[in-house]
Amino acid sequence: MSDADRPIDERGIDAGDETELERAGDVETAGPDDDFDPVQVFPESEDMDLRPGADDCYKCSTCDTSCPVAEVDDEFPGPKFQGPEQWRLKRQEDHDIDETVMKCSNCMRCDGACPSDVPLSQMHNTARGEYVQKGMSKLSVEYWRNRTLANYRRLAPLAAMFPRTSNFVMGLGPVRWLGEKLFGITSEREFPEFATETFRAWWAKRGGAETSRQRAKEARAERGEDGAEKRIAYFHGCYANYNTPEVAKALVRVYEHFGYEVMVPEQRCSGTPMFANGMLEDARRAAETNVDELATAIEEGADVVASCSSCSMSLRQEYPELFDLEGVDDVAANTWDAVEYLQVHEDLTGELEGASVEGVAGMEDFAYHAPCHARNQGLAGQTREVLAPIDGVEVHDVGDSCSGISGTYGWKEEHYDTSMKIGEEMFEHMEAADAEAGLTECPTCSMQMGHGTGYEITHTLEVLEAALVGAGSDGGGARPDR
Amino acid sequence: MAIEDDVLVIGGGIAGATAALSAADEGADVRLVTHKESTLRNASGLIDVLGYLPSDDADGASEGPLVDPFAAIPDLPETHPYRTVGVEAVREALAFFDGIVGDAYLGAHTDDNALVPTHGGSIKPTARYPRSSAAGLASDRRDALLVGFETLPTFEGPLAAAHLEAAGVPFQARGVTLSFPGIVRDDAKVTRYAHLLDRDETVSTATGAETGAREALAAAVEAHLEGEKRVGFPAVLGDEGPDEVRAALEAHLGVDVFEVPMGPPSLPGLRLEDRLYAALETAGVEVRSGVPVVDYERDDGRIDRVVVDRNGAEIPHRADQYVLATGGLVGKGVESNRERVIEPIFDCHVPHATDRYDWFSEDAFGEHPFARFGVVPDGELRPRDGSGNAEFQNLRAAGAVLGGYDYAAEKSGAGVSIATGYVAGRHAAARATDARLATNDEVTPQ
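The model shown is predicted, which means the values in this text are computed figures rather than measured ones.

Reading the values: the criteria
- Residues numbered from 1 in each chain as written.
- Chains lettered and ligands numbered in written order.
- Predicted model: local features only at pLDDT ≥ 70, side-chain atom pairs only at ≥ 80, totals over all residues.
- Heavy atoms only, no water.
- Helix = DSSP H or I, 4+ residues; strand = E, 2+ residues; numbered from the N terminus.
- Contact = heavy atoms within 4.5 Å.
- Pairing = 2+ DSSP bridges.
- Axes fitted to C-alpha atoms, helices over the stretch in contact; angles between N-to-C directions.
- Parallel < 35°, antiparallel > 145°, perpendicular 65-115°, else oblique.
- Left-handed = near helix turned anticlockwise from the far one by under 90°.
- Nonpolar A, V, L, I, M, F, W, Y, C, P; charged D, E, K, R; others polar.
- Domains from an automatic or database assignment.
- Buried area = accessible area lost by both parts, 1.4 Å probe.
- Salt bridge = Lys/Arg side-chain N within 4 Å of Asp/Glu carboxyl O.
- Polar contact = N/O pair within 3.5 Å; in protein donor to acceptor, adjacent residues only side chain to side chain.
- Core = buried A, V, L, I, M, F, W, Y, C linked by side-chain atoms within 4.5 Å.
- Buried < 20%, exposed > 50% of the residue type's maximum accessible area, 1.4 Å probe, protein only.
- Lys, Arg positive; Asp, Glu negative; His and termini not counted.
- Phe/Tyr/Trp six-rings, centres within 6.5 Å; stacked < 30°, edge-to-face > 60°.
- Lys NZ or Arg CZ within 6 Å of the ring centre and 35° of its normal.

Novice: Whenever I open this one, the environment of A:G404 confuses me. Can you help?
Specialist: In this structure, A:G404 sits in the loop between β6 (394-397) and α24 (416-432). Residues in contact with A:G404, not counting those within four places in the same chain, are A:Y409, A:S419, A:I422, A:G423 and A:Q448.

Laid out in structure tokens, this is it:
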């Protein structure tokens, strides 16, 4: 083929020889050996350029078939539209973000399905942020309802101060009725109970990092490990702090059992409920604190672990996708799911061989549901595999259905039915499984599992605690606390 | 610590799943990692072995449709993956597949290809087909009504019927276009149709009555039947319970009902994916998706370990044997840049012309060299380097990452994946067992 036949992009441009386009600032000068540099067709977006992602979409619609919302509600146009197609439409100045973006539950399954690596959830997050910013009235009930749900952590300390009163009041029928009528929060669900003592209060009372350092040292001596200190920074998130401190305590005891010193840095909400409600500014403020604190912990030799799969998802994927913060990539690369970390860094299987939870009530048979945000991190199946060697416990995986609650989504009056329709398959599989209790790593999946089946739901770390440390005297915990 | 197994399969399509099942069937501990969820939902769900023979002439005219794909295998070029594994292995592999899918698939009773009408109204020669398509075979002489839906533009009943008649099928085909009861939106997803029918959701009919989706659909079709003994629908008749949905429609209509396989995304592909993944779970294969393999370490001609990426964290996986089943140019198991064609994980040798303008033919439907790009295997399916030696002692390749065949032109995609996946899995398991026995021997004398 002669050069004259070749497309213009290959002929090469002499370095320093500016063309019309370059002078206009539309293309960069490329020397003959430089990588191919596409001509800009669309104007640059101000904060992040999603064009490469939109270009990578070849419209196979695989994402649409993985979307649990589109399967039950055909008024939702699906992730392909919400992502690359809407992004392109947005290049037209007269086009606003479609309001259906609020029907997306942010399960992020489309990310895991896309064979072409299109950053679908990143596109959805930015579209939702823009819709809330420009399309939703700041005076509307919906805006304030969403903002309250997204910022649940802001209210939680109040409730935690008077947990028994809060639990009583929130459980009252008329309060729930009012919540729905005035605020659009479904009255079908029972509010999660607040613990009488938060994890952080327990942690401080127990002696904080100093106690943990001591215990870790003793454990290492007992295990015959010499040498390096082992250290993790625990991102407990809001729910394990205010509602299920037993999960957080289980993590501390399991890690100390393996000789890890646990650090509990200052932290705010991971941002997951804020992304899902398009409150990107709130999320950014929380992320600034979290990245700052966790990056410091990493500098001090700790890896970051999280017990909630949405928290780890947020730190690992959404932060670097959405926020240009110093240290954000470092935090993402050094953040782990708490069980995954042990599987890779310790001989977890060896340790659990012969361990037993026989005789621990409620630990015999579990219907396990892998949360979508764990699935997206390549963790589906991990719990079943890890718990398999333990005597006395059977884990029945209920398959790849989505629970449907997706954080704050299923709490909204207008999404409650969709949420339950999505969850139907999981409920059926849970009930068909040979188990009377549920197991999962995600707090809101756990609410939905309990809501749909009436089962008690346990966290994987609690089973590990029972197997490794033993069920103890302090309310399902292990060793008596000094 | 690395996560350790006997065999690590990289890739979650039909080749990877078959390799994992084949190795597990031989007693190996197997793990399968896949970058993304399986892309089987992009597959028709048909299991083609060989529909057409590639031509030797420059005009690209191929021979076919073939009656007996097995008889034609010896006529394939020596470099074709079927020639590498041999016709007996292809038969064994298909029997293995039949065992996995049970009665969900038909076609095993004969060596001959079945002729299945597709959504475009063409006829596809295929070795196995889903039970849901059985009543639609083109060799069946009964007249057929093809029902399309206004909101599902990828299947146009009247057009498909006209194409079938033009193709010379031995029956009369007629098409109608209806609105699907219960579907509101113009671009509702195929999973939405399937969900409506699976759950038999209550829908409003044209007359305003409320009824189950299955009954409403059957009632809408009934009025258009003109004595045909079978009715074809686009393949959206249920995801979890397609047999039940079909049976309900058949009971109401009093005729046979069949599905016409569709382009992506495809429910027959999704159902096949479900079957294979259920079999993987039963076989004890650990499956992890969302985790690309990004690096590996070499140790004396072998792969010592591979590194899997989880959102930036690098997780080492170690196995005695590895199977590469990452797909071809579409699946990204083979990639190209402006200089060369590469296999991106292990950089196995992929032969290709140095001038990239020689990678394709000027004729859109001509014989494109790129269609045959892929790694070149030895007799055990180990990819070979530029001088013909195995790249690694413990790496085998299966499916579209292999070169030397053009699955789109030959209609051999699923067959090659199953045959090479089966053989690669068997070899990997055998070597892993040898290694385990050898280690035990070393230990025993003490």
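Novice: So what exactly am I meant to see when it comes to the sheet that holds strand β1 (residues 230-235) of chain A here?
Specialist: Strands in a sheet are paired, the pairing made by backbone hydrogen bonds, and the direction either parallel or antiparallel. Residue and element names in this part refer to chain A. Spatially, four strands are ordered β2-β1-β3-β4 in an open sheet, and the strand pairing comes out parallel. Two strands bound the open sheet, and with one partner strand each, they are β2 (260-263) and β4 (335-337). In this sheet, neighbouring strand axes are inclined to one another by 35° on average, regardless of whether the strands run parallel or antiparallel. Where β1 lies against strand β3 (residues 303-306), four bridges are found, and the strand directions are parallel. Each residue of the ladder has a partner; that of I232, found in β3, is D303.

Novice: I'm lost on the packing of helix α7 (residues 120-135) of chain A against helix α18 (residues 309-322) of chain A in this one. Help?
Specialist: How two helices sit against one another is set out by the angle between their axes and by the gap between those axes. All names here are of chain A. For the pair α7 and α18, interaxial distance at closest approach is 10 Å and the crossing angle is 55°. With respect to α18, the element α7 is oriented oblique. The handedness of the crossing between α7 and α18 comes out as right-handed. Mapping the contact onto sequence places S121, Q122, N125 and T126 in α7 and Q317, E318, E321 and L322 in α18. For the contact of α7 with α18, the class distribution of residues is one nonpolar, five polar and two charged.

Novice: When you look at the domain arrangement of chain B in this model, what are you seeing that I'm missing?
Specialist: A common way to express how large an interface is: the accessible area buried when the components associate. All names here are of chain B. Along its sequence, chain B is carved into domain 1 (3-103 + 270-443) and domain 2 (119-260). Computed from C-alpha atoms alone, the centre-to-centre distance between domain 1 and domain 2 is 35 Å. Every contact between the two is made by 16 residues of domain 1 and, on the other side, 16 residues of domain 2. Taken together, the two surfaces of domain 1 and domain 2 that pack against each other cover about 1300 Å², and 52% of this comes from carbon and sulfur. Linking domain 1 with domain 2 are three salt bridges. In this structure, R128 and D98 form a salt bridge, with 2.8 Å as the shortest nitrogen-oxygen distance. Joining domain 1 to domain 2, the criterion identifies nine residue pairs in polar contact (both at pLDDT 80 or more). Looking at the side of domain 1 that touches domain 2, the elements with two or more residues in it are α4 (87-101) and α9 (267-282). Top element by residues in the side of domain 1 that touches domain 2 is α9. It accounts for three residues. The class makeup of the residues in the side of domain 1 that touches domain 2 is seven nonpolar, three polar and six charged.

Novice: Looking at this structure, I do not really get the interface of chain B and chain A. What am I missing?
Specialist: The partner chain A presents 57 residues to the 46 residues of chain B that form the contact. Surface buried jointly by chain B and chain A totals about 4100 Å² across both partners, of which 45% is contributed by carbon and sulfur atoms. Ranking the residues of chain B by area buried against chain A places B:K189, B:N311 and B:Y357 at the top, with a combined share of 16%. On the surface where chain B and chain A come into contact, there are ten salt bridges. In this structure, A:K421 and B:E201 form a salt bridge, with 3.7 Å as the shortest nitrogen-oxygen distance. Across the contact surface, chain B and chain A share 21 residue pairs in polar contact (both at pLDDT 80 or more). Considered class by class, the residues forming the side of chain B that touches chain A number 16 nonpolar, nine polar and 21 charged.

Novice: Can you walk me through the nonpolar core in this structure?
Specialist: Counting 80 residues, the largest nonpolar core has B:V7, B:V30, B:I47, B:L272 and B:F346 as its most contacted members. Looking at this core, the element that brings in the most residues is helix α11 (residues 413-443) of chain B, giving ten residues. Once you skip the residues sitting within four places of it in the chain, B:V30 turns out to touch B:D5, B:V7, B:V9, B:A20, B:A23, B:A24, B:G284, B:V285 and B:E286. A:V132, A:A150, A:A295 and A:Y319 belong to the second largest nonpolar core, which has 53 residues in total.

Novice: Hey, could you run me through the side chain of A:D337 in this one?
Specialist: Residues and elements named next belong to chain A. When you line up the elements, D337 lands in strand β4. Of the side chains bearing the opposite charge, R316 lies closest to the buried D337, which forms no salt bridge; the N-O distance is 6.9 Å. Here the side chain of D337 touches E340 through a polar contact of 3.0 Å, landing on its backbone nitrogen. In contact with D337, other than residues within four places in its own chain, are A306, R316, L379 and Q382.

Novice: What's the story with the side chain of A:S310 in this structure? I'm lost.
Specialist: By secondary structure assignment, the location of A:S310 is in helix α18. Apart from residues lying up to four places away in sequence, A:S310 is in contact with A:S270, A:T272, A:H373 and A:C442.

Novice: Looking at this structure, how should I read the sheet that holds strand β8 (residues 173-178) of chain B?
Specialist: Residues and elements named next belong to chain B. Pairing is parallel in the open sheet, where four strands are placed in the order β8-β7-β11-β12. Each edge of the open sheet is held by one strand with a lone partner, namely β8 and β12 (256-260). Across the sheet, the axes of successive neighbouring strands diverge by a mean angle of 25°, strand direction being ignored. As paired elements, strand β11 (residues 230-234) and β12 share five bridges and run parallel to each other. The residue of β12 that forms the bridge with F233 is E259. Sheet strands in contact with helix α5 (residues 157-166) are β7 (144-149) and β8, and its direction is about 170° off that of β8. On the sheet, helix α8 (residues 242-253) packs against β11 and β12 and is oriented at approximately 135° with respect to β12.

Novice: I would appreciate a short explanation of the packing of aromatic side chains in the present structure.
Specialist: Two measures describe an aromatic ring pair: the distance that separates the ring centres and the angle between the ring planes. All names here are of chain B. One pass over the full model with this rule turns up 22 aromatic pairs over all chains. An angle of 50° between the planes, with centres 6.3 Å apart, marks the rings of Y405 and Y407 as tilted. Looking at R230, its charged tip hangs above the ring of F171, at a distance of 4.4 Å from the centre.

Novice: What should I look at first to understand the domain arrangement of chain A in this one?
Specialist: All names here are of chain A. Structurally, chain A comprises domain 1 (1-38), domain 2 (51-135), domain 3 (141-183), domain 4 (199-346) and domain 5 (353-468). Tallying the contact residues gives 13 residues for domain 2 and 13 residues for domain 5. Taken together, the two surfaces of domain 2 and domain 5 that pack against each other cover about 1100 Å², and 55% of this comes from carbon and sulfur. Summed over the three residues of domain 2 that lose the most area to domain 5, namely V72, S105 and R109, the buried surface amounts to 49% of that side. Where domain 2 touches domain 5, the interface holds zero salt bridges. At the junction of domain 2 and domain 5, the tally comes to nine residue pairs in polar contact (both at pLDDT 80 or more).

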